[in-house]
Amino acid sequence: MMGIQFRNDASLEGQVLLYLGEDISSSKKGEDTWRLRYGELEGIPIESWPEEAKTYAQKDAEYSYKVFFKQLERVTKLPNRPLILSNAAFQTMASFCLNFCSSAIGVKISERVHTLKKETLKKFQTMAEQSPFYKVSKKSKTGYSCNKTQIGSHIRKICPNYKKTKTGKVATSSEAIEFAQKHLNMRDKSLDAYLEAEDVRSTYSKYLTKLEEGLSSHRRRKRYSYSLGKTGRGLSTVFNNLPREGEIRSLIVPEEGRTFLFGDYSNAEMRSLAHITHLRDYPEQKLWERYSKDPYFDPHTLVACGLYNGNKGLTPIEYEEGLKIIKDESHTLHKTLKNLRRLAKVLNFGLAGGLGSGSLVGYAKNNYGVELSRREAEIRIREWKRILPEMNFYFYDAQVPRGTNGKMIITPVTGRCMWARGFTQACNYPFQSISSDGAKDAFISIFKECFINRESVLYGSLPIIFLHDEIVLEIKRGNEQQKGKLFEEIMCRSMEKYTGEIKAILEWEIADQWTK
């Protein structure tokens, strides 16, 4: 073992060295290593692969197997600790399916990305040239860099009470400026133009530049970030936050002779939250009672009606009546209730995860364009807890004891263990992990239909995108409705393994562009 330097990292190479004492680094390096060449085998049956390519993949699987049991051996010897790897087989299978589809299959990018990238760059450069807060930079890929000093000086002049960093400097991030504009009445046209330019620059560098890389290798491929220590969500750094507005998502296109099949769970996390409150046997379970009676129950309309009914002097609106009003654009209360429903989404999705009033203000603005003051946020939080009383018990259970570094959260059904280091994690983990495991179970089942079950109508389809509770397939044209029905059946059946008596609802559609 002399001369070998141990690496305590999460890569397979590092784990093999750490647990098995073998140095396999030579097989991972060099331009001719098969680790970097599997793209050459696209479309070639595995029976026709070179022996070296098959051996490399088999060795990786063998080493992963051996490392797992070494880790299991170590964990079982720890005193008074739960078996944190009890769900590892399922999570590993999900990780394999996600990474195979993301890094081996990827997505096709439209040639339109070249033109859109040039247009976006030109737009940013024009905006930067007219702004006092940018300077020409040969090092920057956009040709301009932000002059933080100039921004700081300008803000000090117009807003003496503006937020400062720990080092005493003026905070110049877009988020800090937007917060000041809302709460300190710091309205300034030059700063408005700067924030708009930053949005354009972000579109260019964060999205278009990365998507364009897919044209050089036929399809855009990217690994998923995957962690057993958190909620278990599979995240793709490229696809996860693609903006819904504009043309960005429409740049992902199907191959010739194919189209897209989109599947999106309806309120998956709200259903999981309802299931958790029922498992914990809280005295009040309004969400669970509604969902168990009506799979199509809309929690946002329920909360919207509750917010409206909180105004004294107004005739109360029952949930069923609220549904009709939101559908009837001619109703005098349609606009009022529709706006309250949008606010209800902010409260349901934000507060369930433990956000306080300050964080809720930013969450509402950034995710839904809803303007709230700190005082308004505090009032809405109290109203929300009145409408969904079970959340008072839920938040009590999520408290992390003082003097500790967290608490263990164990997911129902799978028994997966997660360490919550604070209140918001203890709020998020229970319900997010349920919907996460249900969605991954569905993805594994869909994966088998696409690649293993030759009799399936979905055989030959490509699972290309997985975003929390949404799955996108690239399918061959023909029998689209039959494929959609099977897709729906599999996804609902998989999720319902984890949500008990609460039924899963999937909204699916066939389209040639991803624009939702």
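Structure report, in brief. This is a predicted model, so every value here is computed, not measured.

1. Concerning the packing of helix α12 (residues 334-351) against helix α13 (residues 357-368)
Move 1: Remark: α12 packs on α13, axes separated minimally by 10 Å, with the N-to-C direction vectors making an angle of 125°. One finds that α12 runs oblique with respect to α13. Seen along the crossing, α12 lies across α13 with a hand that is right-handed. Of the residues in α13, those in contact with Arg342, Lys345, Val346, Leu347, Phe349, Gly350 and Leu351 of α12 are Leu360, Tyr363, Ala364 and Tyr368.
Move 2: When its residues are assigned to classes, the contact of α12 with α13 shows 8 nonpolar, 1 polar and 2 charged.

2. A few points about α12
Move 1: If you check α12, its first and last C-alpha atoms are 25 Å apart, about what 18 residues at 1.5 Å a residue would give, namely 26 Å.
Move 2: Of all the residues in α12, the buried ones are His334, Leu337, Leu340, Leu343, Ala344, Val346, Leu347, Asn348, Gly350 and Leu351.
Move 3: Buried residues along α12 sit against α8 (268-279), α10 (299-309), α11 (319-327), α13, α14 (374-387) and α15 (390-397).

3. Quick word on the state of the cysteines
Move 1: Taken as a whole, this structure holds 0 disulfides when the rule is applied.
Move 2: This cysteine, cysteine 97, is not joined by any disulfide, and cysteine 101 carries the nearest cysteine sulfur, 6.7 Å off.

4. A few points about the pattern of salt bridges
Move 1: By the definition in use, this model includes 18 salt bridges.
Move 2: For the salt bridge of glutamate 320 with arginine 290, the shortest nitrogen-to-oxygen distance reads 3.6 Å. Taken together, the positions of glutamate 320 in helix α11 and arginine 290 in helix α9 (residues 286-293) put the pair 30 residues apart, joining distant regions of the chain.
Move 3: Residue classification places glutamate 320 among the partly exposed residues on the basis of a relative accessible area of 45%.

5. Describing the packing of aromatic side chains
Move 1: Under the counting rule described, the total for this entry stands at 22 aromatic pairs.
Move 2: A ring pair is formed by tyrosine 394 and phenylalanine 395, whose centres lie 6.2 Å apart and whose planes are at 65°; its orientation type is edge-to-face. Summarising the burial analysis for this pair, tyrosine 394 and phenylalanine 395 share the class buried.
Move 3: With centroids separated by 5.9 Å and ring planes inclined at 55°, the aromatic side chains of phenylalanine 395 and phenylalanine 423 adopt a geometry described as tilted. Residue phenylalanine 395 is found in helix α15, and its partner phenylalanine 423 is found in helix α16 (residues 423-451); the two are separated by 28 residues along the sequence.
Move 4: One aromatic cluster is present, built from ring pairs that chain together Trp34, Tyr38, Trp49 and Tyr56.
Move 5: Seen from the ring of tryptophan 34, arginine 37 lies directly overhead, with NZ or CZ sitting 4.0 Å from the centre.

6. Describing the sheet that holds strand β7 (residues 258-265)
Move 1: Across the sheet, which stays open at both edges, the 4 strands sit in the order β10-β11-β7-β12 with antiparallel pairing between neighbours. Of all the strands in the sheet, just β10 (462-467) and β12 (506-511) have a single pairing partner and so form its edges. Ignoring which end each strand starts from, the neighbouring axes of this sheet average 20° apart.
Move 2: Sheet topology note: the β7/strand β11 (residues 470-476) ladder contains 7 bridges and is antiparallel.

Criteria and thresholds
- Residues numbered from 1 in each chain as written.
- Predicted model: local features only at pLDDT ≥ 70, side-chain atom pairs only at ≥ 80, totals over all residues.
- Heavy atoms only, no water.
- Axes fitted to C-alpha atoms, helices over the stretch in contact; angles between N-to-C directions.
- Helix = DSSP H or I, 4+ residues; strand = E, 2+ residues; numbered from the N terminus.
- Parallel < 35°, antiparallel > 145°, perpendicular 65-115°, else oblique.
- Left-handed = near helix turned anticlockwise from the far one by under 90°.
- Contact = heavy atoms within 4.5 Å.
- Nonpolar A, V, L, I, M, F, W, Y, C, P; charged D, E, K, R; others polar.
- Expected span 1.5 Å × (residues − 1).
- Buried < 20%, exposed > 50% of the residue type's maximum accessible area, 1.4 Å probe, protein only.
- Disulfide = S-S within 2.5 Å.
- Salt bridge = Lys/Arg side-chain N within 4 Å of Asp/Glu carboxyl O.
- Phe/Tyr/Trp six-rings, centres within 6.5 Å; stacked < 30°, edge-to-face > 60°.
- Lys NZ or Arg CZ within 6 Å of the ring centre and 35° of its normal.
- Pairing = 2+ DSSP bridges.

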